[in-house]
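Coordinates in review
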Amino acid sequence: MRPLLSSGTWRAVLARAWRLRPSADYLEVMDPRGYTRNPPVGACELQGELDRFGGISVRLARLDALDRLDAAAFKKGLQVAVQQWQSEGRTAVWLHIPILQSRFIAPAASLGFRFHHAELDSSTLTLWLGEGPSRLPGYASHQVGVAGAVFDESTRKILVVQDRNKLKNMWKFPGGLSEPGEDIGDTAVREVFEETGIKSEFRSLLSIRQQHTNPGAFGKSDMYIICRLKPYSFTINFCQHECLRCEWMDLNDLAKTENTTPITSRVARLLLYGYREGFDKIDLTVEELPAVYTGLFYKLYHKELPENYKTMTGID
Ligand SMILES: NC(=O)C1=CN([C@@H]2O[C@H](COP(=O)(O)OP(=O)(O)OC[C@H]3O[C@@H](n4cnc5c(N)ncnc54)[C@H](O)[C@@H]3O)[C@@H](O)[C@H]2O)C=CC1
Ligand SMILES: [Mg+2]
């Protein structure tokens, strides 16, 4: 984000916003050059950055005098600052509050700010100032779980576990929740190893399930992705905390058993089809491509596309 207001301009805005009058105490701590050595409560220097949508972002962690600021003074100052931003046509305010300054959440909320999201050590509140209903995007809507269907083509065996923490003991593929910044295939390989001790490598993506208000997703929706993995170790050493049993099972048996979940049964049948007719019938393979706007890279998953279609040469 681009800072559009200099700190000098901010000082001027905030001197107005916080309606400060130098008190006798304040004057006592001015040095001969006029700089404040120990600003009193309320002499807080807010620094904000304009974003490309016309919103303003205030990071309380960057404000030196906050430790000495009480909640009432913060509320008063914020109220005036918000009026100022509104008169300047700002569309929204984003208020980033470090966890140790959470006493400022309640005064901000009483002025209409609402939580946008929280991380381990900070929360972010927003206030929409634009016309009509808020157009600010929400935060995360889904959690992502990934399982590995580890299939050994040479023996037709598939790796399955029974979850220790479930009321019904049904066979399923080992898997778990994706970590921030983790590729889908890497989650599958990591979770399979953590839960079963089996080493494997990513082959393809087989299915995506979307479920809303999943009980384990803290009120969010759940994306559950199953990957096809190829094993390169075979001795099971399963996690006692999460699994009750772990086995290499014949794929035909998994496809037929009733002692499994509908999604595991469906994917077992999909794998059987791929095993008999060719995995290209069922695989979504992955390729890394460059993102035009951000300069980053991303993973794109789709059915195999012939090389001449990728380059658009040799197409009639
Ligand atoms: N049909 C299927 O085959 C199933 C699919 N799934 C999907 O798998 C994904 C999650 O897989 P998991 O193996 O559950 O994740 P995971 O392998 O990352 O394990 C989560 C761990 O957190 C623990 N945990 C969860 N909630 C807890 C709480 N409130 N307090 C203390 N500990 C807690 C669990 O006991 C477990 O050890 C989701 O996407 C889910 O939809 C989950 C179960 C069955
Ligand atoms: Mg798990």
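As a convention, each chain's residues are numbered from 1 in the sequence order in which they are written. Each chain is given a letter, starting from A, and each ligand a number, starting from 1, according to the order in which they appear as written. Given that the model is predicted, a residue must reach a pLDDT of at least 70 before its local features are reported, and side-chain atom pairs must reach 80 or more before they are shown or counted; all residues, however, enter totals for whole chains, interfaces and linings. For side-chain calculations, the full set of non-hydrogen atoms in the structure is used, while hydrogens and water are omitted.

The next subject is the overall build of the protein chain. Strands here mean DSSP runs of E at least two residues long; helices mean DSSP runs of H or I at least four residues long; both are numbered from the N terminus. A count of helices and strands for the protein chain gives eight helices and 14 strands. Put simply, the protein chain has 316 residues, and 41% of those count as buried. Residues count as neighbours in contact if any of their non-hydrogen atoms are within 4.5 Å of one another. Counting only contacts in the protein chain whose residues sit at least 6 apart along the sequence, the fraction spanning at least 24 positions is 61%. Of the accessible surface of the protein chain, which amounts to about 18800 Å², a share of 54% is contributed by carbon and sulfur atoms. Exposure categories follow from relative accessible area, calculated using a 1.4 Å probe and restricted to protein chains: below 20% of the type maximum is buried, above 50% is exposed, and the middle band is partly exposed. Method for areas: the Shrake-Rupley scheme with a 1.4 Å probe, in which residue coverage is limited to the protein chains shown.

A separate point is the nonpolar core. Buried Ala, Val, Leu, Ile, Met, Phe, Trp, Tyr and Cys residues form a nonpolar core when they are joined through side-chain atoms within 4.5 Å. Core analysis: the largest hydrophobic core is formed by 23 residues, its most contacted members being Leu-60, Leu-78, Trp-85, Val-93, Leu-95 and Phe-113. Listed by contribution, the elements that provide at least two residues to this core are β2 (56–59), α3 (71–87), β3 (92–98), α4 (105–110) and β5 (122–128). Counting residues per element, this core draws most heavily on α3, at six residues. Residues Tyr-224, Met-249, Ala-268 and Ile-282 belong to the second largest nonpolar core, which totals 20 residues.

Keep in mind that water is not among the atoms, so a site may look incomplete; donors are the N, O and S atoms within 2.8 Å of the metal, or 3.2 Å for Na, K and Ca. The magnesium ion (ligand 2) binds to the protein through Gly-175 (O), Glu-195 (OE) and Glu-242 (OE), with metal-donor distances spanning 2.0 to 2.2 Å. Since its relative accessible area comes to 2%, Glu-195 is described here as buried.

Okay, the confidence of the model for the protein chain next. The predicted model of the protein chain averages 86 in pLDDT, with 84% of residues at 70 or higher. Values of pLDDT, ranging from 0 to 100, describe the predictor's confidence in every residue of the model. This model gives residues 1–43 a pLDDT under 50, and the stretch forms 60 contacts once residues within four places in sequence are excluded.

With that settled, consider the site of ligand 1. What surrounds ligand 1 is a group of 18 residues, the closest being Leu-177, Glu-195, Arg-209, Asp-222 and Glu-242. In this structure, an oxygen atom belonging to ligand 1 sits 2.7 Å away from a side-chain N or O atom of Arg-209. When ligand 1 is considered free in solution it has 850 Å² of accessible area, and contact with the protein chains removes 58% of it. Within the residue set of the shell around ligand 1, elements represented by two or more residues are β9 (175–177), α5 (184–196), β11 (221–231) and α7 (262–277). Here the nonpolar group is Ala, Val, Leu, Ile, Met, Phe, Trp, Tyr, Cys and Pro; Asp, Glu, Lys and Arg are the charged ones; every other residue, Gly included, is treated as polar. Of the residues in the shell around ligand 1, the class split is four nonpolar, seven polar and seven charged. Any residue with at least one heavy atom within 4 Å of a molecule or strand is counted as near it. Identification of polar contacts relies on pairs of N or O atoms within 3.5 Å, with a donor-acceptor requirement for protein atoms, meaning one able to donate a hydrogen and the other able to accept it, and with residues adjacent in sequence counted only if both atoms are side-chain atoms.

Time to look at the UniProt feature "domain: Nudix hydrolase" (unreviewed entry) in the protein chain. What UniProt calls "domain: Nudix hydrolase" (unreviewed entry) maps, in this numbering, to residues 141–273. For residues 141–273, helix accounts for 23% and strand for 41%, while the C-alpha atoms at its two ends are 33 Å apart. UniProt positions are given in the numbering used here, feature names are shortened, and annotations may be inferred rather than shown by experiment.

One fewer than the residue count of a helix, multiplied by 1.5 Å, yields its expected span. For α5, spanning 13 residues, the distance from its first C-alpha to its last is 18 Å, which sits close to the expected 18 Å at 1.5 Å a residue. Here α5 has its buried residues at Ile-184, Gly-185, Thr-187, Ala-188, Arg-190, Glu-191, Val-192, Glu-195 and Thr-196. The positive-phi residue at the C-terminal boundary of α5 is Gly-197, with phi of around 80°.

Attention now moves to α7. Taking 1.5 Å of rise per residue, the 16 residues of α7 would be expected to cover 22 Å, and the 22 Å separating its terminal C-alpha atoms lies within 8% of that figure. Of the residues making up α7, those classed as buried are Thr-264, Ser-265, Val-267, Ala-268, Leu-271, Leu-272 and Gly-274. For α7, the secondary structure elements touched by its buried residues are β6 (142–152), β7 (157–163), β8 (171–172), β10 (200–211), β11 and α6 (251–256). Just downstream of α7, Gly-278 is the residue with a positive phi angle, here 115°.

Let us look at the pairing of β6. For β6, a buried count of nine out of eleven residues is recorded, marking the element as mostly surrounded by other parts of the structure. Summarising the sheet, β6 and β11 pair through nine bridges and their orientation is parallel. Across the sheet, Ala-147 pairs through a bridge with Ile-226, a residue of β11. When DSSP finds two or more bridges between a pair of strands, those strands are recorded as paired. Summarising the sheet, β6 and β9 pair through three bridges and their orientation is antiparallel. Pairing of Val-146 across the sheet is with Gly-176, part of β9.

For the rest of this paragraph, the subject is the environment of Leu-271. Within the secondary structure, Leu-271 sits in helix α7. The exposure class of Leu-271 is buried, given its relative accessible area of 0%. Leu-271 sits ten residues away from Lys-281 along the chain, and the two C-alpha atoms are 9.8 Å apart. Once you skip the residues sitting within four places of it in the chain, Leu-271 turns out to touch Ala-149, Ile-158, Leu-206, Arg-228, Leu-251, Phe-279 and Ile-282.

This part covers the state of the cysteines. Cysteine sulfur atoms that come within 2.5 Å of each other are treated as a disulfide pair. In total, this model carries zero disulfides according to the counting rule given. With no disulfide of its own, Cys-243 lies 5.8 Å from the sulfur of Cys-239, the closest cysteine sulfur. By relative accessible area, Cys-243 is classed as buried at 2%. Cysteine Cys-246 shares no disulfide, and the gap to the nearest cysteine sulfur, in Cys-243, comes to 6.2 Å. On the basis of relative accessibility, which here comes to 10%, the residue Cys-246 falls in the buried class.

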